Amino acid sequence: DISVHIGRWSLDMDLDHWVNDGLMVIFFFVIGLELRHEMSVGDLRKRRKLILPAMCGIGGLVIPALLYLAVNPSGGAAHGWGVVIGTDTAFLLGALAFQAGQVKTAIDLIGRAIAVRPGAPEYWSNLAAILNYQMQFDRAGTACAEALRLDPDYADAYLHLGNALRGKNENEKAVSAFQQGIALRPVFPEAFNGMGSALLTQGRPAEAAEAYRQAITQRPAFAEALSNLGAALHSAGRLDDAIAAYR
């Protein structure tokens, strides 16, 4: 228990209640201030731009609550519907901020989401993706390691780990990470594309071309993989095939 005493007044609660009744209040107060800022001077100040986020926000509250109540229609567990509508708020804001190009804001908000749910591997994995985008490969690798500690079968974490290792020019380890992700999710064009790039950097264009072909087979309109396939075929001396790939 943690106690606070001021004169004759005292407050005594365990750590769980301090977090839930104290820190969480501050957390959502800050979220509210940020939302108010966006509505006053940010992108949401125009009513037309507010409609879609508002509808998504309402749906993000109502649908999880209804699904929770469908699984827990009665008993003491039914009173926990409020939990499922709040824990992903910061993660959602972080994802939206990243899509808007506000990378630092995205990292900050997803960091807050991790503070609320440190046991969610998807949060760590998505943080790694943003850190890779910022070329902070060491930090991205650390985030991937935490995601995989929480869930060793989380395929996306292997994708981001492979990209982090490739960014550090540790291409052999990157290939291994991509292969582990593919073993968990055989239809994984992003991992095949990343593995191809790691193989090409190692001077293995034939193997790289095969990896790129796998990515394109799984996603025929994968423009990056098509371009990379052309580069691999060119490196292998197959100029006609490379020209066909670029076309």
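### Topic: the overall build of the chain
Then step 1. Per the secondary structure count, the chain includes 12 helices and two strands.
Then step 2. In the chain, which comprises 247 residues, the proportion classed as buried is 34%.
Then step 3. By sequence separation, contacts in the chain at least 24 residues apart represent 40% of the contacts at least 6 residues apart.
Then step 4. For the chain, the accessible surface area stands at approximately 14,700 Å², while carbon and sulfur atoms represent 60% of it.

### Overview of the pattern of salt bridges
Then step 1. The final tally for this structure, using the stated rule, is seven salt bridges.
Then step 2. Note that Asp156 and Arg185 form a salt bridge whose closest N and O atoms lie 3.1 Å from each other. With Asp156 in helix α7 (residues 155-167) and Arg185 in the loop between α8 (171-184) and α9 (189-201), this residue pair connects regions lying 29 residues apart in the sequence.
Then step 3. Asp156 gets classed as partly exposed once you look at its relative accessible area, which sits at 23%.
Then step 4. Here the salt bridges do not stand alone but share partners, grouping Asp138, Lys168, Glu170 and Lys173 into one network.

### Re unusual backbone geometry
Then step 1. The phi dihedral of Met135 is positive, around 65°, even though this residue is not glycine.
Then step 2. Within the secondary structure, Met135 is located in the loop between α5 (121-133) and α6 (137-150).
Then step 3. On the basis of relative accessibility, which here comes to 63%, the residue Met135 falls in the exposed class.
Then step 4. We note that Asn169 has phi near 65°; this positive angle belongs to a residue other than glycine.
Then step 5. As for its position among the elements, Asn169 is in the loop between α7 and α8.

### A word on the nonpolar core
Then step 1. Grouped together as the largest cluster of nonpolar side chains are 39 residues, with contacts concentrated most on Phe178 and Met195.
Then step 2. Mapped onto this core, the elements with two or more residues apiece are α5, α6, α7, α8, α9, α10 (205-218) and α11 (223-235).
Then step 3. By residue number, the principal contributor to this core is α7, which donates seven residues.
Then step 4. With residues near it in sequence (within four places) discarded, Phe178 still touches Tyr158, Leu159, Gly162, Asn163, Arg166, Ala191, Gly194, Met195 and Ala198.

### Quick word on the pairing of strand β1 (residues 2-6)
Then step 1. Inspection of the sheet shows β1 paired to strand β2 (residues 9-13) by five bridges, in the antiparallel sense. When the sheet's bridge partners are listed, Ile6 is paired in β2 with Trp9.
Then step 2. Counting the residues that bridge the hairpin from β1 to β2 gives two residues, and of these Gly7 lies at a positive phi of roughly 65°.

### Some points on the environment of Arg166
Then step 1. Along the polypeptide, Arg166 turns up in helix α7.
Then step 2. In the structure, Arg166 is positioned 31 residues away from Ser197 in sequence and 8.4 Å away in space, judged by C-alpha atoms.
Then step 3. The contacts of Arg166, once residues within four sequence positions are left out, are Asn171, Ala174, Phe178, Gly194, Ser197 and Ala198.

### A word on helix α1 (residues 15-41)
Then step 1. The end-to-end C-alpha separation of α1 is 37 Å, in line with the 39 Å expected for 27 residues at 1.5 Å each.
Then step 2. Largest kink in α1: about 35°, centred on Leu23.
Then step 3. Within the sequence span of α1, burial applies to Met24, Phe27 and Ile31.

### Considerations on the environment of Pro189
Then step 1. Relative to the helices and strands, Pro189 is located in helix α9.
Then step 2. Between the C-alpha atoms of Pro189 and Tyr212, which are 23 residues apart in sequence, the distance is 8.3 Å.

### Brief notes about the packing of aromatic side chains
What characterises a pair of aromatic rings is the spacing of the ring centres plus the angle enclosed by the ring planes.
Then step 1. For the structure on display, the rule yields zero aromatic pairs.
Then step 2. The ring of Phe188 has Arg185 lying over it, and the distance from NZ or CZ to the ring centre is 4.3 Å.
Then step 3. The lysine or arginine in question, Arg219, covers the ring of Phe222, its NZ or CZ lying 4.5 Å from the ring centre.

### Observations concerning the packing of α8 against α9
Then step 1. For the pair α8 and α9, interaxial distance at closest approach is 9 Å and the crossing angle is 160°. Classified by the angle between their axes, α8 and α9 sit roughly antiparallel to one another. Along this stretch, α8 crosses α9, giving a crossing that reads as left-handed. Contact residues: α8 offers Asn171, Ala174, Val175, Phe178, Gln179 and Ile182, while α9 offers Ala191, Phe192, Gly194, Met195, Ala198, Leu199 and Thr201.
Then step 2. Looking at the contact of α8 with α9 residue by residue, the classes come out as nine nonpolar, four polar and no charged.

What counts and what doesn't
Throughout this description, residue numbers start from 1 for each chain and increase along the sequence as written. The predicted origin of the model limits local features to residues at a pLDDT of at least 70 and limits the giving and counting of side-chain atom pairs to 80 or more, whereas totals for whole chains, interfaces and linings rest on all residues. Just so you know, side-chain values use all the structure's heavy atoms and leave hydrogens and water out. A helix here means a DSSP run of H or I that spans at least four residues, while a strand means a run of E at least two residues long, and both kinds are numbered starting from the N terminus. Each residue's exposure class comes from its accessible area (1.4 Å probe, protein chains only) as a fraction of the maximum for that residue type: buried when under 20%, exposed when over 50%, partly exposed otherwise. Contact criterion: two residues are considered in contact whenever any of their non-hydrogen atoms come within 4.5 Å of each other. The method behind every accessible area is Shrake-Rupley, applied with a 1.4 Å probe, and residues are considered shielded solely by the protein chains displayed. We count a salt bridge whenever a side-chain nitrogen from Lys or Arg sits within 4 Å of a carboxyl oxygen from Asp or Glu. Residues enter a nonpolar core if they are buried and are Ala, Val, Leu, Ile, Met, Phe, Trp, Tyr or Cys, with the set joined through side-chain atoms within 4.5 Å. For two strands to be treated as a pair, DSSP must find no fewer than two bridges joining them. To estimate the expected span of a helix, count its residues, drop one, and scale the result by 1.5 Å. Fitting axes to the seven residues that end at a residue and to the seven that start at it, the angle between those axes gives the bend at that residue. In this scheme Phe, Tyr and Trp rings, the latter by its six-membered ring, pair at centre separations within 6.5 Å, and the angle between planes marks the pair as stacked below 30 degrees, edge-to-face above 60, and tilted otherwise. Consider the ring centre and the ring normal. A charge sits over the ring if Lys NZ or Arg CZ is within 6 Å of that centre and within 35 degrees of that normal. Axis definition: a line fitted to C-alpha atoms, over the contacting stretch in the case of helices. Angles run 0 to 180 degrees between N-to-C directions. What sets the label is the angle itself: under 35 degrees gives roughly parallel, over 145 gives roughly antiparallel, 65 to 115 gives roughly perpendicular, and the rest give oblique. Crossing handedness: left-handed means the near helix sits turned counterclockwise from the far one by under a right angle, and right-handed means the same turn made clockwise. The classification used treats Ala, Val, Leu, Ile, Met, Phe, Trp, Tyr, Cys and Pro as nonpolar, Asp, Glu, Lys and Arg as charged, and all other residues, Gly among them, as polar.

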